[in-house]
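# Commentary on secondary and tertiary structure
These are the residues of each chain, in order.
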Amino acid sequence: MTLITEPNLDPELVRAALPADWPAPEALGFGQHLGPYLITADHDGSGWSAARILRRDDARLAIASGGLQYGLSVFEGMKAYRAPDGGIHLFRPQMHLRRLQASAARLHLPPVDEALFLRSCMLAVRVHEAMLPPAGRGALYLRPTIHADEEALGLKQAARHRYSVTVTPGSDPQLKSLRMWAEDELIRAAPGGLGAAKTGANYAAGLSGLLRARERGYDDVIWLDAATHRWLGEAGTMNLFVQIGGRLLTPPLDGTILAGVTRDSLLQLARKEGLEVAEQGIGLGQLRTAATSGTLGCAFGCGTASRIVRIQGVGSVHGEIAIPDNGLPERLSERLKAVQEGTAKEHADWRVAC
Ligand SMILES: Cc1ncc(COP(=O)(O)O)c(C=O)c1O
């Protein structure tokens, strides 16, 4: 099978087309500057076509498609980094692929296989190499997406699907401190729902929670369990960790939250450091008691885009919980950055050369 056609687009075209006022890596932010090309393939029911390179401006989106009308679309968010020796690698692509396949299965979309996924992502990185910041100063974020592309109304499994990889360069995320609002009215996901799938419905359900948190003067939302509003789930685009009595806790993968690649990486790194870690329910009341009794060490959120953010306070209708910072978020963030960028030798299998 031909995996990819037209593999020879000259990366110099992208370099030459960068505007004269192209921002310094630290000013790129996240998601503001999209790569000019997509790597894309089509599925007509019998299998994926060879992938091809398309100018993003030429990509057609069918308004009457299931992807747009019914949210039949799943995606990934993964980063490519430049190592100090100049080499470029993807961070844990196989884990991202497994999650994309699980999301696709939940929405009855055709899965992409490892060969197509890796080759298309690597090609997207190589074509846009000029946009990838230097080592240590940022990354190229990849957004592989599968969506129902058949032009027909009516909820059904589509006869045609499209896979595409879009890229956007981003600054190296700084370790910020955020105040979070624990939302106790709206819900984002419930058992048996879509919470574990990386699909637009979760973000559509989540936007109003984020805006309501901001209206109250908070930075982001913490979603609680749908039935009792007592158990921590995850933030808008981050998994959560809390250290209580020396134990590092994170909510279990119960189908209502995303199985974060960063979450898994941190669990492994923390265990290696000798920390006691556990995937177990964390109650909002338990957080409050720990804060009052002095057993709360820290709390933080984590994700591909932001790496780690400290949580300095959690507000809710029951009042504000002040969260201390014992230095663990910063230590783990530096350790993870070193592994992601390849300045640390450990977990070499997490870095796949492009
Ligand atoms: C809802 C949600 N939870 C958690 C995460 C963190 O996942 P990851 O570490 O794989 O980026 C993300 C980010 O993609 C997310 O959107």
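Calculation criteria
Residues numbered from 1 in each chain as written. Predicted model: local features only at pLDDT ≥ 70, side-chain atom pairs only at ≥ 80, totals over all residues. Heavy atoms only, no water. Helix = DSSP H or I, 4+ residues; strand = E, 2+ residues; numbered from the N terminus. Expected span 1.5 Å × (residues − 1). Buried < 20%, exposed > 50% of the residue type's maximum accessible area, 1.4 Å probe, protein only. Near = heavy atom within 4 Å. Polar contact = N/O pair within 3.5 Å; in protein donor to acceptor, adjacent residues only side chain to side chain. Areas by Shrake-Rupley, 256 points an atom, 1.4 Å probe, with all protein chains shown as cover. 1 Å grid on protein atoms, 1.4 Å probe; cavity = no way out; pocket = protein on both sides within 12 Å on 5 of 7 lines; lining within 4 Å. Sits in = over half its atoms within 2 Å of the grid points. Nonpolar A, V, L, I, M, F, W, Y, C, P; charged D, E, K, R; others polar. Points joined across faces, edges and corners; volume = space filled by probe spheres on them. Domains from an automatic or database assignment. Buried area = accessible area lost by both parts, 1.4 Å probe. Salt bridge = Lys/Arg side-chain N within 4 Å of Asp/Glu carboxyl O. Pairing = 2+ DSSP bridges. Phe/Tyr/Trp six-rings, centres within 6.5 Å; stacked < 30°, edge-to-face > 60°. Lys NZ or Arg CZ within 6 Å of the ring centre and 35° of its normal. Contact = heavy atoms within 4.5 Å.

### Points about helix α8 (residues 328-341)
Here α8 spans 20 Å end to end across 14 residues, near enough to the 20 Å set by a 1.5 Å rise per residue. Where α8 is concerned, the buried positions are L328, P329, L332, S333, L336, A338, V339, Q340 and E341. Of the residues flanking the end of α8, it is G342, one or two places downstream, whose phi is positive at about 85°.

### A short note on the site of the ligand
Surveying the vicinity of the ligand reveals 16 residues, the closest of which are K198, Y203, E234, T262 and T304. Residue V261 places a main-chain N or O atom 2.8 Å away from an oxygen atom belonging to the ligand. Protein contacts shield 96% of the accessible area of the ligand, which totals 380 Å² for the unbound molecule. The site holding the ligand turns out to be the largest pocket. Elements with a contribution of two residues or more to the shell around the ligand: α6 (261-272) and β14 (296-303). Here the residues of the shell around the ligand are counted per class, giving five nonpolar, seven polar and four charged.

### Comments concerning empty space enclosed by the protein
Here the idea is plain: a probe the size of a water molecule rolls over the atoms and shows the empty space left. Under the defined criterion, the tally for this structure stands at three cavities of 30 Å³ or more. Lining of the largest cavity is provided by G66, Y70, L72, A148, E150, A152, G154, K156 and A158. Taken together, the residues of the lining of the largest cavity break down into five nonpolar, two polar and two charged.

### Remarks on unusual backbone geometry
In this structure, R92 is a non-glycine residue whose phi angle is positive, near 50°. Counting through the fold element by element, R92 comes out in the loop between β5 (88-91) and α3 (93-106). The buried category is assigned to R92, whose relative accessible area is 9%. The phi dihedral of R307 falls on the positive side, at around 60°, and the residue is not glycine. Topologically, R307 is positioned in strand β15 (residues 307-316).

### Brief notes about the domain arrangement of the protein chain
Size of an interface: often given as the accessible area lost when the parts come together. By domain assignment, the protein chain separates into domain 1 (11-172) and domain 2 (177-341). A separation of 27 Å is found between the C-alpha centroids of domain 1 and domain 2. Summing both sides of the interface, domain 1 and domain 2 together bury roughly 1,900 Å²; the carbon and sulfur share of this comes to 54%. On the domain 1 side of the contact with domain 2, F75, F91 and R99 bury the most area, a combined 29% of that side's loss. Where domain 1 touches domain 2, the interface holds three salt bridges. For D264, the salt bridge identified is with R92, shortest N-O distance 2.8 Å. One can count 15 residue pairs in polar contact (both at pLDDT 80 or more) joining domain 1 with domain 2.

### Remarks on the pairing of strand β1 (residues 37-43)
Most of β1 is tucked away, with six of its seven residues classed as buried. Here five bridges tie β1 to strand β7 (residues 161-171), and the two strands are oriented antiparallel to one another. Directly across from T40, in β7, lies its bridge partner S164.

### A short note on the packing of aromatic side chains
Counted according to the given criterion, the structure contains six aromatic pairs. Each ring, one from F91 and one from W350, has its centre 5.9 Å from the other, and the planes form 90°; the classification is edge-to-face. Within this pair, whereas F91 is found in strand β5, its partner W350 is found in the loop between α8 and β17 (351-353), the two being separated by 259 residues in sequence. The buried category is assigned to F91, whose relative accessible area is 5%. The ring of W350 carries R92 above its face, with NZ or CZ at 4.2 Å from the centroid.

### Thoughts on the environment of S171
As for its position among the elements, S171 is in strand β7. A relative accessible area of 16% places S171 in the buried class. In this structure, S171 is in contact with P25, E26, A27, L28, G29, R137 and G138, ignoring residues within four places of it in sequence. Here the side chain of S171 touches E26 through a polar contact of 3.4 Å, landing on its backbone oxygen. Here G29 takes part through its backbone nitrogen, which lies 2.9 Å from a polar atom of the side chain of S171.

### Structural notes on the environment of L269
Structurally, L269 is set in helix α6. It is 7.7 Å that separates the C-alpha atoms of L269 and L336, two residues lying 67 residues apart in sequence.

### A short note on the environment of R143
Within the element layout of this structure, R143 appears in strand β6 (residues 138-148). Under the relative-accessibility criterion, R143 is labelled partly exposed at 28%. Separated by 175 residues in sequence, R143 and H318 place their C-alpha atoms 38 Å apart. Every residue in contact with R143, bar those within four places of it in the chain, is listed here: F75, E76, G77, S164, V165 and T166.

### Description of α3
In an α-helix, one turn spans 3.6 residues, which is why side chains three or four residues apart end up on the same side. With 14 residues, α3 extends 20 Å between its outermost C-alpha atoms, agreeing within 8% with the 20 Å of an ideal straight helix rising 1.5 Å per residue. Among the residues making up α3, those that are buried are P93, M95, H96, L97, R99, L100, S103 and A104. With its phi angle positive at about 55°, H108 sits one or two positions after the end of α3.

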